Amino acid sequence: MLLCGAFGLSSPIRASASAGAEIAMELTTRTVLTESNADKRMPMASTTKIMTAIIIAEDCNLDEEITVPDAAVGVEGSSIYLKKDERIDVRDLLYGLMLRSGNDSAVALAIHHSGSVENFVNVMNERAKRIGADNTNFKNPSGLPDDEHYTTARDLCNIACYAMNNEIFREVVSSKSHVGKFRSFENKNKMLYRYEGANGVKTGYTLKAGRCLVSSAERDGMDVVTVVLNCYDMYERSSAILDQCFYVYKLLELNENTVFMSDRVLCKLSKTQNLVVKNTESLQIRIKSTVTEKKIKKGDRVGILEIYDANGLIFNDNLYSIVDN
């Protein structure tokens, strides 16, 4: 059982007065590295499109060509300027959604996926609940203002972590540009150009939501996802959070092929797991034997691996025999 991901780690990273809410998580373990007002319900502008994009990436054939529906023409806000009856493939619409934040692209994709924007919004909310974003409610696929359209920094970060584990989504949001069959785009997410290791994910702005940014960056094998909501210096603040996370923490891999000894029985973990630890922290590893029978078969539980830092237990999981004994 991995403990630290559920509870988070204490951090010297200071909250910013410029952000209405913020959070940072390590991608694979969802370990919370820092947070401030992370459970406050807030509008999220076009960072909404992270949910729209992951649904399309999971459910649709990106090479399928569609005819732009009337409802997707002349949509309010940021646009890729779709034309009535224009032919375009889902891939170009997806890149237009995430690189240029096209609200018209969001509508076209929603209708393609679910037959109507209303039906797609239902899918968005169902998918959010499945991911565990219980304090989120979507009213549209683009992020246009609505009093009932909201999330929290924690929910949005969990949605982004979920999405970044999808290869198609990750490829789209990490692209600085896209040359498609029908359209070509440049990514307006400045983090990809400004921050070393940046690989996503989405900007957002409305008068109601303020400036919002979900960022992801990878260094030394650790990927950190950050969310800042209603933050006027969103790029600077996100960069500062990431810098501190990479300075303070590292990712430790507990490989399933590593062999341990429990009461003279060779054993290992059932699967490879990751653990976030502080760079300066000294760790202690202990193995508790659970052997009660003289005859041990391969696959029997024979011990518990425990890892401690200065504050106590941060990881424990079962160890299983790799031989008959």
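The structure under discussion appears in the preceding block.
Scope of this entry: the structure provided in the associated data block. Source: prediction; values computed, not measured.

Brief notes about the overall build of the chain
The secondary structure content of the chain amounts to nine helices and 16 strands. By its C-alpha atoms, the chain is 75 × 45 × 35 Å across when sized along the principal axes. Relative to its 325 residues, the chain shows a buried fraction of 54%. If you take every contact in the chain between residues at least 6 apart in sequence, the share linking residues at least 24 apart comes to 61%.

Focus on the side chain of Ser321
Assignment of secondary structure puts Ser321 in strand β16 (residues 312-321). Taking relative accessible area as the criterion, Ser321 reaches 4% and is therefore assigned buried. From its side chain, Ser321 meets the backbone oxygen of Val323 in a polar contact 2.6 Å long. Every residue in contact with Ser321, bar those within four places of it in the chain, is listed here: Val265, Leu266, Cys267, Ile296, Lys297, Lys298, Gly299, Asp300 and Val302.

Let's talk about helix α6 (residues 153-164)
With twelve residues, α6 ought to run about 16 Å at 1.5 Å a step, and its terminal C-alpha atoms sit 16 Å apart, in line with that. Most of α6 is tucked away: eleven of the twelve residues are buried. Looking only at α6, the buried set comprises Ala153, Arg154, Asp155, Leu156, Cys157, Asn158, Ile159, Ala160, Cys161, Ala163 and Met164.

Side note on the sheet that holds strand β8 (residues 210-219)
To summarise the sheet geometry, strands pair through backbone hydrogen bonds and adopt either a parallel or an antiparallel arrangement. Pairing within the open sheet is antiparallel, and its five strands lie in the order β2-β1-β9-β8-β7. The strands lining the two open edges of the sheet, one partner per strand, are β2 (32-36) and β7 (198-206). When strand polarity is set aside, the average angle formed by the axes of neighbouring strands in this sheet is 5 degrees. Summarising the sheet, β7 and β8 pair through eight bridges and their orientation is antiparallel.

Considering the pairing of strand β15 (residues 301-309)
Burial runs high along β15: seven of the nine residues are buried. Note: strand β14 (residues 284-289) against β15, six bridges, orientation antiparallel. Along β15, the bridge assignment pairs Lys288 with Ile304. Where β15 meets β16, eight bridges bridge the pair, whose relative direction is antiparallel. When the bridges of β16 are listed, Glu306 appears paired with Asn316. A loop of two residues connects β15 with β16, the two strands running antiparallel in sequence.

Quick look at a nonpolar patch on the surface
A surface patch of nonpolar side chains, about 310 Å² in accessible area, is lined by Val259, Met261, Leu266 and Val323. If you trace the backbone, Leu266 turns up in strand β12 (residues 265-268).

Some thoughts on the pairing of strand β13 (residues 273-278)
Two faces belong to every sheet, and in a regular strand the side chains alternate between them. For β13, the buried fraction is high: five of the six residues fall into the buried class. Here strand β10 (residues 249-254) runs beside β13; their pairing, made up of six bridges, is antiparallel. Residue pairing in the sheet places Leu252 in a bridge with Leu275 of β13.

Quick notes on the nonpolar core
Within the largest apolar cluster, 64 residues are counted, with the highest numbers of intra-cluster contacts made by Ile50, Met51, Met98, Phe169 and Leu229. Residue contributions to this core peak at eight residues, all from α6. Filtering out sequence-adjacent residues up to four positions away, Met51 remains in contact with Met124, Arg127, Ala128, Ile131, Phe138 and Ile159. Membership of the second largest hydrophobic core comes to 22 residues, among which are Val224, Ile241, Leu242 and Phe246.

Rules behind the numbers
- Residues numbered from 1 in each chain as written.
- Predicted model: local features only at pLDDT ≥ 70, side-chain atom pairs only at ≥ 80, totals over all residues.
- Heavy atoms only, no water.
- Helix = DSSP H or I, 4+ residues; strand = E, 2+ residues; numbered from the N terminus.
- Buried < 20%, exposed > 50% of the residue type's maximum accessible area, 1.4 Å probe, protein only.
- Contact = heavy atoms within 4.5 Å.
- Polar contact = N/O pair within 3.5 Å; in protein donor to acceptor, adjacent residues only side chain to side chain.
- Expected span 1.5 Å × (residues − 1).
- Pairing = 2+ DSSP bridges.
- Axes fitted to C-alpha atoms, helices over the stretch in contact; angles between N-to-C directions.
- Patch = residues over 30% accessible without salt bridge, like charges linked within 9 Å, V, L, I, M, F, W, Y side chains within 5 Å.
- Areas by Shrake-Rupley, 256 points an atom, 1.4 Å probe, with all protein chains shown as cover.
- Salt bridge = Lys/Arg side-chain N within 4 Å of Asp/Glu carboxyl O.
- Core = buried A, V, L, I, M, F, W, Y, C linked by side-chain atoms within 4.5 Å.

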